[in-house]
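Single-letter residue listing:
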Amino acid sequence: MPVLNFRFIAVLLCFGLLAGKVQAQTKIYVDNRTNTGLLVTNWSVRGDRINKKAWSKGHDKIAPGERRSVLSMNRAGKLNWMDPTPRFVEPGKTVIFQTDLAVTDSAPGTSITLLQKLFGEGKTTKMWYAIDGVGGEIEWELHGLEYSSLWQSPAGPIAITFKSVKDGKKTHVQYIFSQKF
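Just so we're clear, the structure is a prediction, and the values are computed from it rather than from any experiment.

## Remarks on the pairing of strand β8 (residues 125-132)
Working step 1: Among the eight residues in β8, six count as buried, and that is most of the element.
Working step 2: Looking at chain direction, strand β7 (residues 112-120) and β8 are connected through eight bridges and run antiparallel. Bridge pairing links L115 to A130 in β8.
Working step 3: Hairpin connection between β7 and β8: a loop of four residues separates the two successive antiparallel strands, and G122 in this loop has a positive phi of roughly 100 degrees.
Working step 4: Two strands pair when backbone bridges link them, and β8 and strand β9 (residues 141-142) are joined in this way by two bridges, in the antiparallel orientation. Counted as the bridge partner of Y129 is E141 from β9.

This is how it looks when you write it as structure tokens:
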């Protein structure tokens, strides 16, 4: 009888661990089509509290010609009775993810900021995205369209195009950096 109980508990543990892995993960990509390297100088989160396991840092260097994920976050998920701390954006909560980028060998304070604002709606999350550091006020954009901006970087003008990209049931955000001549 004790062996049966152990197997039953082991099955429950495995099911609980697998259920905790069901997440709607979104990745933030930087596609560097410039002649200079890009560096992530800072990652931060503000707004409502979110579990540190709900998001993770990606690559911190993007060489010319590379496309790299710089951030990933869980937008929605299920509560796991074994770990009741949500690992996603909870319903009714607003979280803003910030990734600061600079060109290689640039002076401090010459970065641009990639922003994603998420609002938990239960089974889904509403997402807006923006760029800060290009002058003017931040304009939050909803996914579905392509947006562009111009960054006067220390390496010269860089055009930035950003949009959401569907990958099956997942939605990612891509920021394309292109040299402007």
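## Let's talk about the packing of aromatic side chains
Working step 1: All chains considered together, the criterion is met by six aromatic pairs.
Working step 2: Ring geometry for Y147 versus F162: centroids 5.8 Å apart, planes at 35 degrees, classification tilted. Residue Y147 is found in strand β10 (residues 147-153), and its partner F162 is found in strand β11 (residues 156-167); the two are separated by 15 residues along the sequence. Here Y147 matches F162 in class, with each residue buried.
Working step 3: One aromatic cluster is present, formed by Y129, Y147, F162 and Y175 through successive ring pairs.
Working step 4: Above the face of the Y29 ring, R67 is positioned so that its terminal group lies 3.9 Å from the ring centre.

Rules used throughout
- Residues numbered from 1 in each chain as written.
- Predicted model: local features only at pLDDT ≥ 70, side-chain atom pairs only at ≥ 80, totals over all residues.
- Heavy atoms only, no water.
- Buried < 20%, exposed > 50% of the residue type's maximum accessible area, 1.4 Å probe, protein only.
- Helix = DSSP H or I, 4+ residues; strand = E, 2+ residues; numbered from the N terminus.
- Pairing = 2+ DSSP bridges.
- Phe/Tyr/Trp six-rings, centres within 6.5 Å; stacked < 30°, edge-to-face > 60°.
- Lys NZ or Arg CZ within 6 Å of the ring centre and 35° of its normal.

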